[in-house]
Amino acid sequence: EFYGRRAQGQPASLQAKAGISCAKVCCKLSPPQYERAEQLVRKSISMYEVTCGPTSPLTASAYHELGQICWYQRKREEARRALLRAYELEAMKDAFNLLTILEIHNLAMDTFLKEVRKINRKPLQDFFPIVDNTLSRVRKELPRDGNAAVYFKAAAELYAWGARYAEGKPLFEEAIELLGIETSVDCTNLIKECKTMVAFCERNLAGMQDSPLVLDLDEAEDGPAKKPVPKIEEVEDEEDEDEDEEPVIEDVTDTAPAVQEDTLGTVLARVPASIRASGQLVDIARSLSGMAPLDLKAEAKATAPAPAGKPGAAKGKVRSPMEIAMAMGAAPQAAEVVQQAKSAHMGADKTANLPPIPGRPQKSLAQRQATGETPELVELQLEDEERLEREFAKQKSTLGLDNQQTLITFFDLFDVWIQLYRLNKIMNALEEVVPVCRKRGDQFKIKAIQALSFTLWKQSKFSEAVKLFHEMEELVGKNAALCENIGHTYSSMGDYPKAEEYFKEALDFTKAKDPEGEESNLGGILLGLGLVKERLGDLEGALPNVLEAYQYYKKKHHPRPASLTAKAGMSASKLLKQLGQFPKAEEFAREGVEIFKITCGETNPLTAGALHDLGDILWCQRRREEAREALHRSYELEVMKDAFSLITVLEIHNLLMDTYLKDTTEIVRGPIKNHFPIVDAGLARVRKDLQLDGNTAVYLKAVAELRAWGADYSGARSLFQEAIEIFAAEETTDCRHLIEQCTTMLSFCDRNLGGRQSPMVLSVGGEAPKEASANRGDDEPSSSSGGAKGRS
């Protein structure tokens, strides 16, 4: 409800996330409220498709959830459709998760095989293309081990049920081979099942067994009992996953969250995986709690299969030994022992996580987010914020602000506040914290200066921020991350020569210590340098830097598509366009569009921007129809974006109109009607989200011109009248010329409404009819390239 109110009726991903959580709770109530859960999930899917994209991982997960809820209600066909879509999306995700794939696969098979008197095998064939694609991903990206064998077996069973025996048989044989060399788990039973299914496929291929595509189970009970049917592995649901947000320019050193003294589960969750992997911590904690030591390996073997679909993962929840231990819980005293053990491995003092000593390079947050070290999960951040604010207030009152543990907690809290954009909270706290840290003169001094400098940067106070960055430079010396941040700051200030100087130094540091960029933000530095050179007018100098960034990201993420590769490619495309190298620019733009569609979603703002650039490049080559298609789709996406930009919409609108009106001997007006739905959507957003002033009047005029060209004279007339009224009330700019143009177009519309119809195919080779002489030369309405306030 809160997120719904905050979104003011617009679709919002946070409201969708809350809806999914609410739906899960509804399913667990007694009695379950499945219908309510289904309504919530369907609404969330609609929101995700708009805000994150039809192919977003969040959309995939929501379809998975919908399929589960529909199956709870035994809505077989609806569950199957939702799971088919979830399977399709999960199989194309960057973060390919075999466990999730198996969950969806098995649930989909349940809709065919469970609680049914007749099994109709033919619709299983709808899943063949998705399973084919998934098999390709498994072979290409995962090791050939027992986990892969489990999926080969599941896919083979689906093929067998779908009467695709020739494809099922070699998959069973491949699974047998892999299961035969698996040593971590006894796979005897799985191998036996596969061999039985190989024989089943062979009998059908040889014509020795007639397996009907519609199998009557009542009759089957009276028939040959020996005929095997595929067995389906069952894997329980796991938690949803979220996508990381885009990287931002940030240089806040990571600090691990303070250990929460409550249960063994929450304590262990914050201990590094390398330490959690040993059972010693658990045994110590359990002994403090009066519990017997836990044989984790025996417990795991007795109660659960191995993680991620390991062989033998036939039934029950997939749980690791640590998950089993965490589920049991323990007394709060366990926290102290775990912290001691943690300190023994990491060093007793948490200063290991403070900013590095002078001369040691720091990681910027942009780098950490790009490598996935700092995901932005809003729900978890809100929980951390509440906990850390409570801890900081308590420690400040009891230990004092100058206490090391209090400062550690504060900087943990700072990291969360930065992610949540709590800039006012940060500045209020830093007024107290910075003087204390300066007085200490240790590494906390560096950390406080760093925090203050970046907060000022976030507030666009670049001149104040850069002074503090230079103070850090004096304290710790230059390094790649610091030089990069100073470069970004000067770039934001418009001091491009200084920005170029620092980006070059950042590049030198990086290539000296990490030539391949494996542990650094080499791509970000190269892109920053390229952007600065472009702004300095050195297009030919900028291009090599941007192309090197593109190759860096492509190599780093190979063979998967990555949004950073696409971003670098789009930057290269823009430079190539300015240099007149249109075919090469088009090549990068087309690749960028496809990558953004896969990694960010069909409706993502990055996809919209890439389509805009592609349309522009195509129009530069006067490829009219292709440009029009790209710009139409870009326009469609721009008007549905959360962050609605009227300037961008007008740029696309005018470029689209150019494809009809410029460099042509014949204007064909009929196809302009295809754009009516998009401009209607744009008008709805303008009326809802923007104030009616000279800027919005420019858009009303542009839409009216498009409708006039498309022969909707009545709709155009009313829009021209509305624009005239708003222009007349505008006081910041002289709008008389715009009013005059609208008045001329009103007369044009009136003449056509009065019976003097303008031709729908207009020759502009000779003298044009007066009816078409609106205000864009002698024969065409304007396309609103000007505006009431500067650039529209």
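Look up: the structure comes first, before these words.
What you see as residue numbers is a count from 1 along each chain, following the sequence as written. Since the coordinates come from a predicted model, pLDDT governs what is reported: local features require at least 70, and pairs of side-chain atoms require 80 or more to be given and counted, while whole-chain, interface and lining totals use all residues. As a rule here, side-chain values come from all non-hydrogen atoms in the structure, and water together with hydrogens is ignored.

On to the overall build of the chain. Counting secondary structure elements, the chain contains 36 helices and 4 strands. Split into buried and exposed, the 792 residues of the chain put 52% on the buried side. Within the chain, contacts between residues at least 6 apart in sequence are counted, and of these 70% link residues at least 24 apart. Summed over its atoms, the accessible surface of the chain is roughly 35700 Å², and 52% of this surface lies on carbon and sulfur atoms. Helix and strand definitions here come from DSSP, where helices need a minimum of 4 consecutive H or I residues and strands a minimum of 2 consecutive E residues; each element is numbered from the N-terminal end. Partly exposed residues are those whose accessible area sits between 20% and 50% of the maximum for their type, while under 20% is buried and over 50% is exposed, using a 1.4 Å probe and protein chains only. Whether two residues touch is decided by their heavy atoms; if any such pair falls within 4.5 Å, the residues are in contact. Surface accessibility follows the Shrake-Rupley procedure with a 1.4 Å probe radius. Residue values consider only the protein chains on display as shielding.

The angle between two axes is taken between their N-to-C directions and runs from 0 to 180 degrees, where each axis is a line fitted to C-alpha atoms and a helix contributes only its stretch in contact. Contact geometry of helix α2 (residues 13–28) with helix α4 (residues 57–72) gives a least axis separation of 11 Å together with a crossing angle of 20 degrees. Taken together, the axes of α2 and α4 lie roughly parallel to each other. Considering only the axes of α2 and α4, their crossing is left-handed. Between α2, through K17, I20, A23, K24 and C27, and α4, the contact on the second element is made entirely by L58, A62, E65, I69 and Y72. Each residue is assigned to one class: nonpolar for Ala, Val, Leu, Ile, Met, Phe, Trp, Tyr, Cys and Pro, charged for Asp, Glu, Lys and Arg, and polar for all the others, Gly among them. Taken together, the residues that form the contact of α2 with α4 break down as 7 nonpolar, no polar and 3 charged. Roughly parallel covers angles under 35 degrees, roughly antiparallel covers those over 145, roughly perpendicular covers 65 to 115, and oblique covers all other angles. Crossing handedness is defined as follows: a turn of the near helix away from the far one that is anticlockwise and smaller than a right angle gives a left-handed crossing, while the clockwise case is right-handed.

The subject of this paragraph is the pattern of salt bridges. When their charged atoms lie close together, side chains carrying opposite charge are able to pair. For this document, the term salt bridge refers to a Lys or Arg side-chain nitrogen within 4 Å of an Asp or Glu carboxyl oxygen. Summed over all chains, the structure comprises 52 salt bridges. For the salt bridge of D689 with R685, the shortest nitrogen-to-oxygen distance reads 2.7 Å. Of this pair, D689 and R685 both sit in helix α33 (residues 676–689), 4 residues apart, roughly one helical turn. Taken together, the salt bridges that share partners define one network made up of E38, R42, K75 and E78.

A few words now on the packing of aromatic side chains. Side-chain rings of Phe, Tyr and Trp, where Trp is taken by its six-membered ring, are said to pair if the distance between their centres is within 6.5 Å; with planes under 30 degrees apart they count as stacked, over 60 as edge-to-face, and otherwise as tilted. In the structure shown here, the tally under the stated rule is 16 aromatic pairs. Centre to centre, the rings of Y34 and Y72 are 5.1 Å apart; their planes meet at 35 degrees, and the pair counts as tilted. One end of the pair, Y34, is in helix α3 (residues 34–51); the other, Y72, is in helix α4, and 38 residues separate them in sequence. Residue class for Y34 comes out partly exposed when judged on its relative accessible area of 23%. Assessed through its relative accessible area of 36%, Y72 is described here as partly exposed. Aromatic side chains F392 and F410 sit 5.4 Å apart centroid to centroid with 50 degrees between the ring planes, which places their arrangement in the tilted category. Here the residue F392 occupies a position in helix α19 (residues 378–398), and F410 occupies one in helix α20 (residues 404–420), the gap between them amounting to 18 residues. Taking relative accessible area as the criterion, F392 reaches 10% and is therefore assigned buried. Residue F410 is classed as buried on the basis of its relative accessible area, which comes to 0%. For a lysine, the NZ atom is tested; for an arginine, the CZ atom; a charge sits over a ring if that atom is within 6 Å of the ring centre and within 35 degrees of the ring normal. Over the ring of Y660 we find R628, and its NZ or CZ is 3.6 Å from the ring centre.

The next thing to look at is the environment of I678. Tracing the backbone through its elements, the reader meets I678 in helix α33. Residues I678 and H632 lie 46 residues apart in sequence; the distance between their C-alpha atoms is 8.1 Å. Not counting chain neighbours up to four residues away, the residues in contact with I678 comprise H632, Y635, E636 and V639.

Further remarks concern a nonpolar patch on the surface. Like charges within 9 Å and nonpolar side chains (Val, Leu, Ile, Met, Phe, Trp, Tyr) within 5 Å are joined into patches, using only residues over 30% in relative accessible area that form no salt bridge. Residues V668, M760 and V761 make up a contiguous nonpolar surface patch of about 210 Å² in total accessible area. Its place among the elements puts M760 in the loop between α36 (736–753) and β4 (761–763).

Moving on to the nonpolar core. Here, nonpolar core refers to any group of buried Ala, Val, Leu, Ile, Met, Phe, Trp, Tyr and Cys residues whose side-chain atoms link them within 4.5 Å. The biggest cluster of nonpolar side chains holds 129 residues, and the ones touching the most others in it are F410, F411, Y635 and Y699. For this core, the element with the highest residue contribution is helix α34 (residues 694–709), accounting for 10 residues. With 73 residues, the next largest nonpolar core counts L89, I104, A148 and W161 among its residues.

We now examine helix α27 (residues 539–557). Between its first and last C-alpha atoms α27 spans 27 Å; for 19 residues at 1.5 Å apiece the expected length is 27 Å, and the two agree. The set of residues buried in α27 consists of L539, G541, A542, L543, N545, V546, A549, Y550, Y552 and Y553. Elements in contact with the buried residues of α27: α26 (522–535), α28 (563–578) and α29 (582–599). Helices are assigned an expected span. That span is 1.5 Å times one less than the residue count.

Looking now at unusual backbone geometry. Looking along the chain, the bond that leaves S30 and enters P31 is cis, with omega of 0 degrees. Residue P559 follows H558 across a cis peptide bond; omega there is 5 degrees. Along the chain, the position of P559 falls in the loop between α27 and α28. In this model, R622 sits at a positive phi of 60 degrees, which is unusual for a non-glycine residue. Residue position: R622 is located in the loop between α30 (605–620) and α31 (624–638). Phi angles above zero are rare outside glycine, and A711 is one such case at about 75 degrees.

When two helices pack together, you describe them by how their axes are tilted relative to each other and by the distance separating the axes. Taken N-terminus to C-terminus, the directions of α3 and α4 make an angle of 160 degrees; their axes are 9 Å apart at the nearest point. Between α3 and α4, the angle is such that the two are roughly antiparallel. As for the relative orientation of α3 and α4, their crossing is left-handed in sense. Contacts between α3 and α4 involve Y34, A37, E38, V41, R42, I45, Y48 and E49 on the former and, on the latter, L58, T59, A62, Y63, E65, L66, I69, C70 and Y72.

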